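Geometric and topological summary
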Amino acid sequence: MKPTRALRFAISRSRYAAYRERYTPFTAADSAKRAASERREEIPVINPATGEDLCTVVSASPVDVKETIKHANDVCQSGIWSRASSLHRSTVLARLAQVLRSRVPEFAELETLQTGRTIREMKAQLGRLPEWLEYYAALLRTHQAYVAPTQGPLLNYVQRVPLGVVALITPFNHPLLIAVKKIAPALAAGNSVLVKPSELAPISVLEFAEIAKDAGIPDGVLSVLPGYGVTTGKDIVSDPLVRKVDITAGTATGRALGSIVGSNLASFTAELGGKAPIVVFNDADLESAVNGAAFASFVASGQTCVSGTRIIIQEGIYDAFIARFIEKVGRITERMGNPMNPQSTMGSVISPRHLERIQNMVQNRASGKILVGGKRMTGTSTLDGFDFMKGSFFAPTVLADIDIEDELWQEEVFGPVVVVKSFASESDGVELANKCKYGLGAGIWTQDLSRAHRVAARIEAGLVWVNTHHRNDPSSPWGGMKESGIGRENGIEALEAYSQSKSTIVNIASVEDTRSADDWFSERTMAKRYG
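Values in this document were obtained by computation on a predicted structure and should not be read as measured data. All residue numbers refer to positions counted from 1 along the written sequence of the respective chain. Two thresholds apply to this predicted model, a pLDDT of at least 70 for residue-level local features and 80 or more for giving and counting side-chain atom pairs, whereas whole-chain, interface and lining totals are computed over all residues. With hydrogens and water excluded, all non-hydrogen atoms of the structure serve as input to the side-chain values.

A few points about the overall build of the protein chain
The criterion, for reference: The way it works is that DSSP assigns letters per residue, a run of H or I at least four long becomes a helix, a run of E at least two long becomes a strand, and they are numbered from the N terminus. Only C-alpha atoms enter the radius of gyration; for comparison, a globular chain is expected to reach 2.2 Å times N to the power 0.38, where N is the number of residues. Categorising residues by exposure relies on relative accessible area from a 1.4 Å probe, with only protein chains included: less than 20% of the type maximum marks a residue as buried, more than 50% marks it as exposed, and the intermediate range marks it as partly exposed. Computed with a 1.4 Å probe, the accessible areas rest on the Shrake-Rupley method; for each residue, only the protein chains presented here act as cover. Neither His nor the chain termini are counted; the positive set is Lys and Arg, and the negative set is Asp and Glu. Charge placement uses NZ in Lys and CZ in Arg. For Asp and Glu, CG and CD serve respectively.
Along the protein chain, the regular secondary structure elements total 20 helices and 20 strands. Rg of the C-alpha trace for the protein chain: 26 Å, near the compact-globule value of 24 Å for 531 residues, within the 12% margin. Taken over the C-alpha atoms alone, the protein chain extends approximately 85 × 60 × 40 Å along its principal axes. The buried share of the protein chain, reckoned over its 531 residues, is 55%. Put simply, the protein chain shows about 22,100 Å² of open surface, and 52% of that area lies on carbon and sulfur atoms. A distance of 3 Å separates the average location of the 59 positive side-chain charges in the protein chain from that of its 57 negative side-chain charges.

Examining unusual backbone geometry
Its identity as a non-glycine residue notwithstanding, leucine 265 has a phi of 55°, on the positive side. When you line up the elements, leucine 265 lands in the loop between helix H12 (251–263) and strand E9 (267–271). Here leucine 265 falls in the exposed class, since its relative accessible area comes to 72%. In this structure, histidine 470 is a non-glycine residue whose phi angle is positive, near 55°. Within the fold, histidine 470 resides in the loop between strand E17 (463–466) and strand E18 (481–482).

Concerning the sheet that holds strand E7 (residues 222–224)
Counted only if it meets this: Strand pairing requires that DSSP identify at least two bridges connecting the strands. Should any heavy atoms of two residues lie within 4.5 Å, those residues are counted as being in contact. Axis geometry follows a simple rule: fit a line to the C-alpha atoms, using only the stretch in contact for helices, then measure angles between N-to-C directions, giving values from 0 to 180 degrees.
Strand order in this open sheet of 6 strands is E7-E6-E5-E8-E9-E19, and the pairing throughout is mixed. Here the strands that pair on one side only, and so sit at the sheet edges, are E7 and strand E19 (485–486). In the sheet, strand E8 (residues 242–248) pairs with E9 via 5 bridges, with the strands oriented parallel. By the bridge assignment for E9, valine 245 is matched with phenylalanine 268. Along the sheet face, helix H4 (residues 62–78) touches strand E5 (165–169), strand E6 (192–196), E7 and E8 and points at about 155° away from the line of E6. Here helix H10 (residues 203–215) sits on the sheet in contact with E6 and E7, set at roughly 155° to E7.

Re the sheet that holds strand E3 (residues 146–148)
The 3 strands lie next to each other as E3-E4-E20, forming an open sheet whose pairing is antiparallel. Across the chains shown, the open sheet's two edge strands, defined by having one partner strand only, are E3 and strand E20 (499–507). Ignoring strand direction, the axes of neighbouring strands in this sheet form an average angle of 35°. In this sheet, strand E4 (residues 154–162) lies alongside E3 in antiparallel orientation, the contact comprising 3 bridges. Residue tyrosine 146 lies in a different strand from E4, and its bridge partner there is valine 158.

Digging into helix H15 (residues 352–363)
The condition that has to hold: Expected span of a helix, by definition, is 1.5 Å for each gap between consecutive residues, and there is one gap fewer than residues. Directions are taken from the helix axis to each C-beta atom, and the arc is the one they span.
With 12 residues, H15 should reach 16 Å at 1.5 Å per residue; the first-to-last C-alpha distance of 16 Å fits that figure. For H15, the full list of buried residues reads His354, Leu355, Ile358, Met361 and Val362. Axial view of H15: buried residues confined to an arc of 130°, hence all on one face. Away from its buried face by more than 90 degrees, H15 exposes Pro352, Arg353 and Gln363. As for H15, its buried residues are in contact with strand E12 (369–372), strand E13 (397–400), helix H16 (407–410) and strand E14 (417–423).

Observations concerning the packing of aromatic side chains
Convention followed: Between the rings of Phe, Tyr and Trp (Trp by its six-membered ring), a pair exists once the centres lie within 6.5 Å; its type follows the angle of the planes, with under 30 degrees stacked, over 60 edge-to-face, and the other angles tilted. Two thresholds decide whether a charge sits over a ring: the Lys NZ or Arg CZ must be within 6 Å of the ring centre and within 35 degrees of the ring normal.
For the structure on display, the rule yields 9 aromatic pairs. Arranged with centres 6.2 Å apart and planes meeting at 75°, the rings of phenylalanine 386 and phenylalanine 388 form a pair that is edge-to-face. Exposure remark for phenylalanine 388: the relative accessible area of 3% places this residue in the buried category. For the pair phenylalanine 386 and phenylalanine 393, a centre-to-centre distance of 5.6 Å together with 65° between the ring planes defines the contact as edge-to-face. Here phenylalanine 386 and phenylalanine 393 have matching classes, each one buried. An aromatic cluster is built from Phe298, Phe321 and Phe325, whose rings are joined through pairwise contacts. Cation over ring: lysine 244 sits above tyrosine 498, and NZ or CZ is 5.0 Å from the ring centre. Over the ring of phenylalanine 281 we find arginine 451; its NZ or CZ atom is 4.7 Å from the centre of that ring.

What about the nonpolar core?
Defined as follows: Put simply, a nonpolar core is a bunch of buried Ala, Val, Leu, Ile, Met, Phe, Trp, Tyr and Cys residues held in one set by side-chain atoms that sit within 4.5 Å of each other.
With 57 residues, the main nonpolar core has Leu133, Tyr136, Phe208 and Leu222 as its most contacted residues. Considering each element in turn, this core owes the most residues, 9 residues, to helix H9 (residues 175–188). Setting aside chain neighbours within four positions, we find phenylalanine 208 in contact with Leu96, Leu100, Phe107, Leu133, Leu176, Val180, Ile183 and Leu222. Among the nonpolar cores identified, the runner-up in size contains 32 residues, and Ile313, Ile332, Met336 and Phe388 belong to it.

Description of the state of the cysteines
Put simply, the rule reads: Throughout, a disulfide means two cysteine sulfur atoms within 2.5 Å of one another.
By the definition in use, this model includes 0 disulfides. Free of any disulfide, cysteine 305 has its nearest neighbouring cysteine sulfur in cysteine 436, separated by 13 Å. Looking at cysteine 305, the relative accessible area reads 11%, which means it is buried.

Focus on the environment of glutamate 483
Take glutamate 483: it is sitting in the loop between E18 and E19. Residue class for glutamate 483 comes out partly exposed when judged on its relative accessible area of 27%. Placed 358 residues apart in sequence, glutamate 483 and glutamine 125 show a C-alpha to C-alpha distance of 27 Å. The residues contacting glutamate 483, other than those within four sequence positions of it, are Thr251, Arg255, Leu272, Gly273, Lys437 and Tyr438.

Some thoughts on the domain arrangement of the protein chain
Put simply, the rule reads: As annotated, the domain borders come from an automatic or database domain assignment. The term buried area means the drop in 1.4 Å probe accessible area that two parts suffer when joined, counted for both and summed. Any carboxyl oxygen of Asp or Glu that lies within 4 Å of a side-chain nitrogen of Lys or Arg is treated as forming a salt bridge with it. Polarity classes work like this: nonpolar for Ala, Val, Leu, Ile, Met, Phe, Trp, Tyr, Cys and Pro, charged for Asp, Glu, Lys and Arg, and polar for all others, with Gly in that last group.
Domain assignment breaks the protein chain into domain 1 (22–272 + 485–500) and domain 2 (276–466). Facing 23 residues of domain 1, the contacting portion of domain 2 comprises 30 residues. For the pair domain 1 and domain 2, the two sides together bury roughly 2,000 Å², of which 62% comes from carbon and sulfur. Considering only the side of domain 1, the residues that lose the most area to domain 2 are Pro48, Arg120 and Phe172, jointly responsible for 24% of the buried surface there. For the interface between domain 1 and domain 2, the tally reads 0 salt bridges. Secondary structure elements with two or more residues in the side of domain 1 that touches domain 2: helix H6 (104–115) and helix H7 (119–126). No other element matches H6, which puts 5 residues into the side of domain 1 that touches domain 2. Looking at the side of domain 1 that touches domain 2, its residues break down into 7 nonpolar, 10 polar and 6 charged.

What follows is the structure in structure tokens.
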């Protein structure tokens, strides 16, 4: 039965307890531990656009974490999912994709309520999300083992097998998208999967786990452990039974968790900070470049790791581009309103604390000037009368003349704030694009095909878009260079990163030849041995 609206938007203590019981059954012998674990911290989930309480989610305690990981490992060892056929796993993932597709409108509402992002963004984003499940379901039917060309009378076949228990730490900005991007290959590979969603936006991930169970994912194969990163997240990644950790977070968090994961000799994938440059050349189509840069900069209120935060414009079109870009920003601002309004262009940032950080970075900058925006949104919306002061709204902001050593050029703002700078030659543009410690995404706008390829090759980023931005597909590897992370999401790379190769080597020589070849300690000298 489909959950009621009241149930979806009010996750109570009793509901969380019932949910956890389904995935982590306790026995009588655990009664003492269970009593201790009942004293869990309650986490309020707030609608950042209105400041209103959405619900309370109960944090997993250290005992919950330990028992959930143990249960996940036991389930993995049982083989109910880890040794299930590829065909079976593919069928379940395809079924889950169908269920998710039928629930997209409801999940879009959830995402808007817990993140403050506009409903138009969430419907567009989540509409494609089932594709990740379908892609990995298809790979399970087509991605084959192989026979290695091993020398000698040996048959060496190589298979992919699960890692075991894997942990996913996911952020607030794309709660369900980023979770499913990681969950799909992790489940496809046969692992038991733990997810620690952001404490700021955990509801959609909890709901997804519910429909995954209904679609046929066995108990203990997918578990969600709400909580704070410094406690629950650290407890999860510290457990030696966890054989891989995959996080999307800030670079400081990635360093901290990476050191813990490394001490357990577990695998680690990290999609971390970004400060994406957009390089606009003189021959770019001006209208397309302005529209593309505006999307790159202000979608999700600038709260994406590939936000176009540094717009680098060639001198010949700098003035014309800036004039049109400022006009575009003005139109975005005029049409901001209630995020649940389908006509609203841009939502809030995630919390008052994040709003304050953005304000401080803009106001305390060491150089530059504000061309537009630069402050918190006040008053009411001209679109629908929405009161901006209820929530955490920051105006779309553009700054010029920022020194490349300043914080606003070098560090993530994670808000609707961009800096613009002009450049002369192609080499100057590339140099400015690379003048940053991050290297996740980048954009190039030009009609010169040769230049597009040439510049894309020189920009230090794991993702480079030409005449577009923030395009994503389950088949396209996603990850960064430099301090933007380790490893890749999406594609065959992700499926293989959630599994490990296993060689089985079979001697196919006759018994007589085997007796001769394997008598290592005979009196005769071996001319050659394969191994």
